[in-house]
Amino acid sequence: AQSVSQHNHHVILSEAASLELGCNYSYGGTVNLFWYVQYPGQHLQLLLKYFSGDPLVKGIKGFEAEFIKSKFSFNLRKPSVQWSDTAEYFCAVNGITGGGNKLTFGTGTQLKVEL
Amino acid sequence: EPEVTQTPSHQVTQMGQEVILRCVPISNHLYFYWYRQILGQKVEFLVSFYNNEISEKSEIFDDQFSVERPDGSNFTLKIRSTKLEDSAMYFCASSLKPGQLWDEQFFGPGTRLTVL
């Protein structure tokens, strides 16, 4: 079975601070990895995804994530956060099996960026 | 930009009642999903649906749950006899390509179900 853990449940940062949100997954095979964001009152939106190739992936709004296979990690980073980045961030994994496309989510990290 | 829509945004029901949550996936998508999030907990997979049948379901998706695509646009989740523990936010999602694991799932805004 696949599982995802996110280490930080609540993070508070000042504008322009750097952000790193941790994500570790557990799965015995090949995985696809995702970060989703949910802004207050809005849908879950895809920030970025990793399927193969360059382990450093860039997403929307200046976010990036690095897949480190040996550490089973896919941490999300942003060099300088803005107030508008206040949202909840979810790491998710899709294990490659013969089955469907279900996503397994982490518990989420609530990010608050203060002016 | 096309988006997944869900109705109602909030549903309040009495324990034991049946509820139907509705979703309109993105029009050319072929794979449909339901997830739920109990307050303070993870988003959990319930079921995936393709070609008019269930592709995969979780252990949460027991006989009280069913899904249907009654016409060319709607995708519904029915809970036959609601329990207090069914109170959650229910998210519908859709994706374009069946069986393509790099495919992106697009999520709707959710329906908050409250069972009293």
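Preceding block: the structure.
The structure displayed is predicted, hence computed values, not measured ones.

(A) Quick peek at the overall build of chain B. What chain B contains, in helices and strands, is zero helices and 11 strands. Put simply, chain B runs from its N terminus to its C terminus through helices and strands in the order β-β-β-β-β-β-β-β-β-β-β. By the compact-globule yardstick of 13 Å for 116 residues, chain B fits well, its C-alpha radius of gyration being 13 Å. Considered along the principal axes of its C-alpha atoms, chain B spans approximately 40 × 30 × 30 Å.

(B) The arrangement of the pairing of strand β3 (residues 19-24) of chain B in detail. Residue and element names in this part refer to chain B. The side-chain alternation of β3 yields one buried face, formed by Val19, Leu21 and Cys23, and one unburied face, formed by Ile20, Arg22 and Val24. Direction of pairing for strand β1 (residues 5-7) relative to β3: antiparallel, over a ladder of three bridges. In the sheet register, Thr5 faces β3, and the bridge partner there is Val24. Pairing of β3 with strand β8 (residues 75-79), which is carried by five bridges, proceeds in the antiparallel orientation. Directly across from Arg22, in β8, lies its bridge partner Thr76.

(C) Quick look at the packing of aromatic side chains. Throughout the structure, instances matching the rule amount to 20 aromatic pairs over all chains. A connected cluster of aromatic rings, assembled from ring pairs, spans Phe34(A), Tyr36(A), Phe51(A), Phe90(A), Phe105(A), Tyr31(B), Tyr33(B), Tyr35(B), Phe45(B), Tyr50(B) and Phe107(B).

(D) Local environment of the side chain of Ser73(A). Residue and element names in this part refer to chain A. Mapped onto the elements, Ser73 comes out in strand β9 (residues 73-78). For Ser73, a relative accessible area of 6% corresponds to the buried category. Beyond its immediate sequence surroundings of up to four residues, Ser73 is in contact with Cys23, Asn24, Tyr25, Glu66, Phe67 and Ile68.

(E) Representation of the nonpolar core in the model. Grouped together as the largest cluster of nonpolar side chains are 29 residues, with contacts concentrated most on Leu33(A), Trp35(A), Leu47(A), Leu48(A), Phe74(A), Leu76(A) and Tyr89(A). When residues no more than four places from it in sequence are discounted, the contact partners of Phe74(A) are Cys23(A), Leu33(A), Phe34(A), Trp35(A), Leu48(A), Tyr50(A), Val57(A), Ala65(A), Glu66(A) and Phe67(A). If you look at the next biggest cluster of nonpolar residues, it comprises 23 residues, including Phe32(B), Ile38(B), Val67(B) and Ile79(B).

(F) Fine view of the interface of chain A and chain B. The interface is formed by 22 residues belonging to chain A together with 22 residues belonging to chain B. Seen at the junction of chain A and chain B, the total is one salt bridge. The residue Glu56(B) makes a salt bridge to Lys102(A) at a minimum N-O spacing of 3.8 Å. Contributions of two or more residues to the side of chain A that touches chain B are made by β5 (31-38), β6 (44-50) and β10 (87-95) of chain A. Among the elements that take part in the side of chain A that touches chain B, β5(A) stands out by supplying four residues, more than any other. Broken down by class, the residue content of the side of chain A that touches chain B amounts to 10 nonpolar, 10 polar and two charged.

(G) Looking closely at the side chain of Ser48(B). Residue and element names in this part refer to chain B. Here Ser48 shows up in strand β5 (residues 43-50). Residue Ser48 is classed as buried on the basis of its relative accessible area of 0%. Setting aside its immediate chain neighbours within four residues, Ser48 contacts Tyr31, Phe32, Tyr33, Glu53, Ile54, Ser55 and Glu56.

(H) Quick peek at unusual backbone geometry. Residue and element names in this part refer to chain B. Residues Thr7 and Pro8 are joined by a peptide bond in cis, for which omega reads -10 degrees. When you line up the elements, Pro8 lands in the loop between β1 and β2 (10-13). For Asn52, which is not glycine, the phi dihedral falls at a positive 65 degrees. With respect to the helices, strands and loops of the structure, Asn52 is situated in the loop between β5 and β6 (53-57).

(I) Summary view of the sheet that holds β1(B). Residue and element names in this part refer to chain B. Taken together, four strands build an open sheet; the order of strands is β1-β3-β8-β7 and the sheet is antiparallel. Across the chains shown, the open sheet's two edge strands, defined by having one partner strand only, are β1 and β7 (65-68). Pairwise comparison of adjacent strand axes, ignoring direction, gives a mean angle of 20 degrees for this sheet. As judged from the four bridges shared by β7 and β8, these two strands associate in the antiparallel manner. Residue pairing in the sheet places Val67 in a bridge with Leu77 of β8.

Basis of the calculations
- Residues numbered from 1 in each chain as written.
- Chains lettered and ligands numbered in written order.
- Predicted model: local features only at pLDDT ≥ 70, side-chain atom pairs only at ≥ 80, totals over all residues.
- Heavy atoms only, no water.
- Helix = DSSP H or I, 4+ residues; strand = E, 2+ residues; numbered from the N terminus.
- Rg over C-alpha atoms; globule rule 2.2 N^0.38 Å.
- Buried < 20%, exposed > 50% of the residue type's maximum accessible area, 1.4 Å probe, protein only.
- Pairing = 2+ DSSP bridges.
- Phe/Tyr/Trp six-rings, centres within 6.5 Å; stacked < 30°, edge-to-face > 60°.
- Contact = heavy atoms within 4.5 Å.
- Core = buried A, V, L, I, M, F, W, Y, C linked by side-chain atoms within 4.5 Å.
- Salt bridge = Lys/Arg side-chain N within 4 Å of Asp/Glu carboxyl O.
- Nonpolar A, V, L, I, M, F, W, Y, C, P; charged D, E, K, R; others polar.
- Axes fitted to C-alpha atoms, helices over the stretch in contact; angles between N-to-C directions.

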